Amino acid sequence: MFVTLLALCACGVNGAAAPLIAGARGVRRDRTSVSAKHRRHARKASSKAKNSSKQGPRGPKGATGPQGATGPQGATGPQGAAGPQGLPGASGQSGYEVVHETQTLTLPPEEEGEIEVEAACPAGKVLLGGAGNLISSQRHPSFELVVYNGPKEVGGSLTNTWLADYAMYNASSSTSWTLKVSAVAYCADAS
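About the thresholds
Residues numbered from 1 in each chain as written. Predicted model: local features only at pLDDT ≥ 70, side-chain atom pairs only at ≥ 80, totals over all residues. Heavy atoms only, no water. Salt bridge = Lys/Arg side-chain N within 4 Å of Asp/Glu carboxyl O. Helix = DSSP H or I, 4+ residues; strand = E, 2+ residues; numbered from the N terminus. Buried < 20%, exposed > 50% of the residue type's maximum accessible area, 1.4 Å probe, protein only. Contact = heavy atoms within 4.5 Å. Polar contact = N/O pair within 3.5 Å; in protein donor to acceptor, adjacent residues only side chain to side chain. Patch = residues over 30% accessible without salt bridge, like charges linked within 9 Å, V, L, I, M, F, W, Y side chains within 5 Å. Areas by Shrake-Rupley, 256 points an atom, 1.4 Å probe, with all protein chains shown as cover. Core = buried A, V, L, I, M, F, W, Y, C linked by side-chain atoms within 4.5 Å.

### Remarks on the pattern of salt bridges
1) Next: Under the defined criterion, the tally for this structure stands at 2 salt bridges.
2) Next: When the shortest N-O distance is used, the salt bridge between K125 and E97 registers 2.8 Å. Of this pair, K125 sits in strand β6 (residues 125-135) while E97 sits in strand β4 (residues 97-107); the two residues are 28 residues apart in sequence, bridging distant segments of the chain.
3) Next: Of the charged contacts in the structure, one is a salt bridge between K152 and E118, with a shortest N-O distance of 2.7 Å. Of the two residues, K152 sits in strand β7 (residues 142-154) while E118 sits in strand β5 (residues 112-120), which places them 34 residues apart along the sequence.

This is the structure in structure tokens:
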């Protein structure tokens, strides 16, 4: 028995020609070739999607931008906790004592004079400082000169005595002049 095969053409998917096979039992479409095209298109689309989603290499670091404007001052924060107690300080001077000495001098009219007053610290104490002062209870034409006002010096060394040395001149031709000179020494224990 002989079977005659006829090559026929029919319209396939997307307008493409799909071969038809005619036989003794009729004509059928070749579905094998159409499925193969669909698989090829699907693989290409998947490959493009993978390539498009793949992350590229990190780019170079950009240049530093300009400095921004200074912002507003913030609110004052809460007070901090108290710090630890400091170390005890060095011991101060003990045995503080003030020694005060005064002498009085009367000058006749048109006479001059000099008076020295010493205020000495007691034994075992050192001189911290001192002062000298001239006191007059009357207004009188006169001249005063401070000869020396400081620690007394003996043999080139300073002692624990304050010396006030004043020189005066009574310029009045008829009235005597009475005045006082005082010396003050501020003392404390030596150790």
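### What to know about the environment of T178
1) Next: Structurally, T178 can be placed in strand β9 (residues 177-189).
2) Next: Judged by its relative accessible area of 32%, T178 falls in the partly exposed class.
3) Next: Ignoring any residue separated from it by four or fewer positions in sequence, one finds T178 in contact with T104, L105, T106, S136 and Q138.
4) Next: Within polar-contact distance, the side chain of T178 engages the side chain of T106 at 3.0 Å.

### Overview of a nonpolar patch on the surface
1) Next: A surface patch of nonpolar side chains, amounting to about 390 Å² of accessible area, comprises Y96, V98, L128 and Y186.
2) Next: Tracing the backbone through its elements, the reader meets V98 in strand β4.
3) Next: Looking at V98, the relative accessible area reads 44%, which means it is partly exposed.

### With respect to the nonpolar core
The nonpolar side chains of a soluble globular protein tend to be buried, and buried together.
1) Next: Membership of the largest hydrophobic core comes to 19 residues, with the highest contact counts inside it found for I115, Y166, M168, V181 and A185.
2) Next: Looking at this core, the elements that each hand over two or more residues are β4, β5, β6, β8 (157-170) and β9.
3) Next: Top element by residues in this core is β9. It accounts for 6 residues.
4) Next: Aside from chain neighbours lying at most four places away, what touches V181 is E101, T102, Q103, I115, V117, N133, L134, A164 and Y166.

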